[in-house]
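# Geometric and topological summary
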Amino acid sequence: MHPQQRASFLLAAVAAAALSLAGCAAGTPAGSASPAPSASTAAPSPEPSIVPAATSSPVPQGPEAFTFADGRLSFAYPAGWSVKHEQVSASPAVETATVLDASGKEQIAVYYSQVGDATAGNDSRNIIETDPVPGLIGASVPTPSSSFFIDRTDGATHYRMGLTPGSPVSPDGQVQYGLVRIGDRILTADVLFDEPRFEGPESAQTWYWSAEGRALKSVLMSFSYR
């Protein structure tokens, strides 16, 4: 979904009071996240192609930091980059943050709010790489991951990179859908790709290990909740 379309949806949800996630947190043990707004939908997929964690490169955090209004969720970004933040609503809380690179190009769209919609789909999915985010361990179950993967729907191929609730594909090969739950809020952080972006999986992997790919991964891996 385009960032403007998602932001419009969130505004409409606030106006209609479509869903308050704060109530969903009742009865949840401390230190764990509440269940998703509705049951996640899983669809059969081909055997995933997963890069072993041992081959994942260490990515340092950027020197700059941004913290959301609640003072709990933050992330880091490279020097020379910037963040455009908007407090869409204070109650229920709805915030957006767009990460821009040094040239001013929008690179990552982040949504952090108490309202949101469940996600579902009917894709086959192949993982290029997925890594648990250290700063989110214990803040959400399963631990959110920085993931780069390929979705194929109705013959179309889409490359996706962003935070996922655990691995994008379960150990039994099922495609995982859902939103990252942090306390009484939902979180999404998605790299903005202009499609078609890559000629194929090999060019996607080459880009992923490039300076730009590593910089974007560093932002996703830097998310922290306290």
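For the structure itself, consult the block above.
First things first, this report covers the structure right here in the doc. (Residues numbered from 1 in each chain as written. Predicted model: local features only at pLDDT ≥ 70, side-chain atom pairs only at ≥ 80, totals over all residues. Heavy atoms only, no water.)

With the rule as written, the count across this model stands at 15 aromatic pairs. Between the aromatic rings of F148 and F198, the centroid separation amounts to 6.2 Å while the plane-to-plane angle is 75 degrees, which identifies the pairing as edge-to-face. Here F148 is found in strand β7 (residues 145-153), whereas its partner F198 is found in the loop between β10 (185-191) and α2 (201-208), with 50 residues between them in sequence. Under the relative-accessibility criterion, F148 is labelled buried at 0%. You can call F198 buried: its relative accessible area is 11%. When the ring of F193 is compared with that of W207, the centres are 5.4 Å apart and the planes differ by 80 degrees; the resulting orientation is edge-to-face. (Phe/Tyr/Trp six-rings, centres within 6.5 Å; stacked < 30°, edge-to-face > 60°. Helix = DSSP H or I, 4+ residues; strand = E, 2+ residues; numbered from the N terminus. Buried < 20%, exposed > 50% of the residue type's maximum accessible area, 1.4 Å probe, protein only.)

Of the strand pairs in this sheet, strand β3 (residues 82-89) and strand β4 (residues 94-100) are connected by seven bridges, and their pairing is antiparallel. By the bridge assignment, S82 is partnered in β4 with L100. As consecutive antiparallel partners, β3 and β4 are separated by four residues. (Pairing = 2+ DSSP bridges.)

Cis geometry is found at the peptide bond from S91 to P92, where omega equals -5 degrees. Relative to the helices and strands, P92 resides in the loop between β3 and β4. Of note, the amide linkage connecting V141 to P142 takes the cis form, showing an omega dihedral of 0 degrees. Mapping P142 onto the fold places it in the loop between β6 (124-132) and β7. Even without being glycine, D154 reaches a positive phi, approximately 50 degrees. Inspection of the secondary structure puts D154 in the loop between β7 and β8 (156-164). D154 gets classed as exposed once you look at its relative accessible area, which sits at 82%.

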